[in-house]
Amino acid sequence: DAGVIQSPRHEVTEMGQEVTLRCKPISGHNSLFWYRQTMMRGLELLIYFNNNVPIDDSGMPEDRFSAKMPNASFSTLKIQPSEPRDSAVYFCASSPLVGGGGTGELFFGEGSRLTVL
Amino acid sequence: LAKTTQPISMDSYEGQEVNITCSHNNIATNDYITWYQQFPSQGPRFIIQGYKTKVTNEVASLFIPADRKSSTLSLPRVSLSDTAVYYCLVGDHRIKAAGNKLTFGGGTRVLVKP
């Protein structure tokens, strides 16, 4: 399997521009998570989906952030308008919905490094 | 969700055993303890998970005392490539709906020196 695929790997944009980050989870995984990582705040959970349905978006910083999962194989995280304080590495992770003896292991993508000037 | 406390950083030398203790005083009955490893410029990677006593795999061992208020990740004979940040997470990963939030704390930065 190819693992979780994120794009773009790097994005540099100017304040006020719209940013869209993309994620393709591992096939068969039912849960998808978006995290943000900065030196100051560490790894923050922004939102997660189960079976394409957003379950908890309480970690989304503000209305400028939105996430969608139109189908089981694709999700987007959009920031509009972007601000310098949004600069961070954004990780997408997927996991199978757990049953039996599963560990609920999260499989992370390589991240999208966003720089907002 | 159970809050976790880990040391911020630890230094070690190649070939030594590294033990990282995580405190989780308010762990719930259904909570499991999971450890992840993160290398620079990569996403975290699952290492090990346990509920009680001891769990061992090819990478590490996890020791959990009877009261489960803490856990210790043990990395045997570390090498330079084990330099990473190690995160302790506590929660019930089996919850399939709201509440299944996997929250990472600050982690422990382990530096392995030659």
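Throughout what follows, the structure given in this document is the object of discussion.

Criteria and thresholds
- Residues numbered from 1 in each chain as written.
- Chains lettered and ligands numbered in written order.
- Predicted model: local features only at pLDDT ≥ 70, side-chain atom pairs only at ≥ 80, totals over all residues.
- Heavy atoms only, no water.
- Helix = DSSP H or I, 4+ residues; strand = E, 2+ residues; numbered from the N terminus.
- Polar contact = N/O pair within 3.5 Å; in protein donor to acceptor, adjacent residues only side chain to side chain.
- Contact = heavy atoms within 4.5 Å.
- Disulfide = S-S within 2.5 Å.
- Buried < 20%, exposed > 50% of the residue type's maximum accessible area, 1.4 Å probe, protein only.
- Pairing = 2+ DSSP bridges.
- Salt bridge = Lys/Arg side-chain N within 4 Å of Asp/Glu carboxyl O.

## Observations regarding the side chain of Ser31(A)
All names here are of chain A. Of note, Ser 31 is situated in strand E4 (residues 31–38). A polar contact is formed between the side chain of Ser 31 and the side chain of Asn 50, at a distance of 2.7 Å. Beyond its immediate sequence surroundings of up to four residues, Ser 31 is in contact with Phe 49, Asn 50, Ala 93, Ser 94, Ser 95 and Leu 97.

## Side note on the state of the cysteines
Residues and elements named next belong to chain B. Following the criterion strictly, the structure yields two disulfides over all chains and no others. Across the disulfide from Cys 22 sits Cys 88; the S-S distance is 2.2 Å. Because the sign of the S-S torsion sets the handedness, a value of about -80 degrees for the bond joining Cys 22 and Cys 88 places this disulfide among the left-handed ones. In this pair, Cys 22 is assigned in strand E2 (residues 18–23) and Cys 88 in strand E8 (residues 84–91), connecting sequence segments 66 residues apart. What makes Cys 88 buried here is its relative accessible area of 0%.

## Considerations on unusual backbone geometry
Following Ser7(A), the chain continues to Pro8(A) via a peptide bond in cis, the omega torsion being -10 degrees. For the peptide bond that leads from Gln80(A) to Pro81(A), omega is -5 degrees, which places it in the cis range. Note on placement: Pro81(A) falls in the loop between strand E8 (74–79) and strand E9 (88–95). The backbone of Asn51(A) sits at a positive phi, close to 50 degrees, despite the residue not being glycine. Along the chain, the position of Asn51(A) falls in the loop between strand E5 (42–50) and strand E6 (53–56). For Asn51(A), a relative accessible area of 43% puts it in the partly exposed group. Positive phi is not limited to glycine here, since Thr53(B) has a value of about 55 degrees. By the secondary structure assignment, Thr53(B) is in strand E5 (residues 53–56).

## Re the pairing of E6(A)
Residues and elements named next belong to chain A. Of the pairings in the sheet, the one linking E5 to E6 comprises three bridges and is antiparallel in character. Counted as the bridge partner of Tyr 48 is Asp 56 from E6. Taking the residues that link successive antiparallel strands as the turn, the E5-E6 hairpin has two residues, and the phi of Asn 51 there is positive, at about 50 degrees.

## Some remarks on the pattern of salt bridges
Residue and element names in this part refer to chain A. A full pass over the atoms with the stated rule returns ten salt bridges over all chains. A salt bridge links Lys 78 to Glu 18, with the shortest nitrogen-to-oxygen separation between them at 3.9 Å. Taken as a pair, Lys 78 in strand E8 and Glu 18 in the loop between strand E2 (10–13) and strand E3 (19–24) lie far apart in primary sequence, 60 residues in all. Take Lys 78: its relative accessible area is 30%, and that puts it in the partly exposed class. Overall, the relative accessible area of 44% leaves Glu 18 in the partly exposed class.

## As for the environment of Gln16(B)
All names here are of chain B. In this fold, Gln 16 is placed in the loop between strand E1 (9–13) and E2. Through-space distance from the C-alpha of Gln 16 to that of Leu 75 is 8.5 Å; in sequence the pair is 59 residues apart. The contacts of Gln 16, once residues within four sequence positions are left out, are Leu 75, Pro 76, Arg 77 and Val 78.

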